[in-house]
Amino acid sequence: MPGYRKYHSPEEKEEFADQLAADAEQRVIDLAENWEADARDVAEFLIFSSRFPRYSIRNQMLIYKQNPYAMFVAGFEQFKEMGYFVLKGEKGMRIWVPHNITYYRGKESEPWKRLTKSTPKAVRDMIKAGMLETREELQFYRYGVVFDIAQTNCPAEDYPKLVGLGCADELHAAAFDIISEYSNRCGMPVRTIDLKSVALRGYYESETCNITINSRLADTQRLSTLLHEMAHGMLQHGMDTGKSRAQREFEADALSVMLESAMGLPITDTRKEHMSVEYKNYITELKTGKTDEEKAEINEQIDKVFKPIGDLYKRHAPQILAALRLSGIQPQPIKTAQQAAPAQEEKTPEHVIDKPKRKMNRSL
């Protein structure tokens, strides 16, 4: 555990562990309530997004049906104009493309003429320059093909920061391998595959207790996603828990952020954003249809949510830190204002590891 030291009694040790867990919980709440995206990152994301065409509701539904995790969609030629190429063998998504006929005229008294391939270049240039009045008529719809940017050769460094693919980092890469093995020992096998998406980062299958991580993620985001999906398993999140999606996602974010903070690793902006959004959604759910008196008790409900999270943190953090030290990684825990104590080489016995029950839950 970060900052653990030797005590004269088990009671003192437990009291110190409780204080560290409380400090970690407060850090989660502070992040969830106060984090805001950097305006420059938001602007970068909007500029990047503006390069992709906006489709009708009908086409959006078609795209979602074929790939619910598509994020930035465009046609083959549009990607080519942006300097990216669709990868060989990728299957596009079919959408409806309107086929319009353009008519032009020089004066109101003149009849409309149809723009065709045989229209003189001089006339085309005048139309392009806005010198001739034009109008369009829909003739018919035909199928067109579009691709998601994950199906192109666009490198991770070209994505805006808010997409959250992360960056390369040797410490995070080494920690990912070690914690993956720890997850395997906990009964949650980890696999890393290409999910053909930049929106879907990973998921936990509670029917099989398997964790899948998107290989497109760089080291920092890959570790963050692994801890988040492990948290779903540790919290035994399934579809029959009676918890809303917002509560499940916030709980998983909270536990993963606490564990990552225990290792002294910075929390990614993507994780901060996700946790902040889900926390606020959960608070809104708690307030909906409640009286002022009931709303005043929301903090007590949040405290109850944190009880199992804190217990899992105190149970798993020591083992994760011990596994990192055994592999030669010396975690540098984030010191709080309340505690700044030296670390102790102590680890919780293996028998306290909880193996999650089997059901089904997916998350980003």
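Residues numbered from 1 in each chain as written. Predicted model: local features only at pLDDT ≥ 70, side-chain atom pairs only at ≥ 80, totals over all residues. Heavy atoms only, no water.

A. Structural detail: the sheet that holds strand β1 (residues 73-74). Strands sit in the order β1-β4-β2-β3 across an open sheet of 4 strands; the sheet is antiparallel. A strand with exactly one partner marks an edge of an open sheet, and here the two such strands are β1 and β3 (113-114). Bridge count between β1 and strand β4 (residues 133-148): 2 bridges; the pairing is antiparallel. Bridge pairing in β4 places Val-73 opposite Asp-148. Across the sheet, helix α3 (residues 57-66) lies against β1, β2 (93-105) and β4, angled at about 155 degrees from β2, the strand it touches most. (Pairing = 2+ DSSP bridges. Helix = DSSP H or I, 4+ residues; strand = E, 2+ residues; numbered from the N terminus. Contact = heavy atoms within 4.5 Å. Axes fitted to C-alpha atoms, helices over the stretch in contact; angles between N-to-C directions.)

B. Expanded view of the pairing of β4. Sheet analysis places β2 next to β4, joined by 13 bridges and oriented antiparallel. If you follow Trp-96 over to β4, its bridge partner there is Tyr-143.

C. Structural detail: the pattern of salt bridges. Counted under the stated rule, the structure contains 15 salt bridges. Its salt-bridge partner being Asp-18, residue Lys-314 comes within 2.4 Å of it at the nearest N-O pair. Pair noted here: Lys-314 is in helix α11 (residues 298-326) and Asp-18 is in helix α1 (residues 10-34), with a separation of 296 residues, a long-range link. Its relative accessible area of 21% is what places Lys-314 among the partly exposed residues. Residue Asp-18 is classed as partly exposed on the basis of its relative accessible area, which comes to 34%. For Lys-161, the salt bridge is made with Asp-269, and the minimal N-O distance between the two is 3.2 Å. In this pair, Lys-161 is assigned in the loop between β4 and α6 (170-185) and Asp-269 in helix α9 (residues 269-287), connecting sequence segments 108 residues apart. Overall, Lys-161 belongs to the partly exposed group, its relative accessible area being 48%. Linked by salt bridges that have partners in common, Asp-41, Lys-161, Asp-269 and Lys-272 make up one network. (Salt bridge = Lys/Arg side-chain N within 4 Å of Asp/Glu carboxyl O. Buried < 20%, exposed > 50% of the residue type's maximum accessible area, 1.4 Å probe, protein only.)

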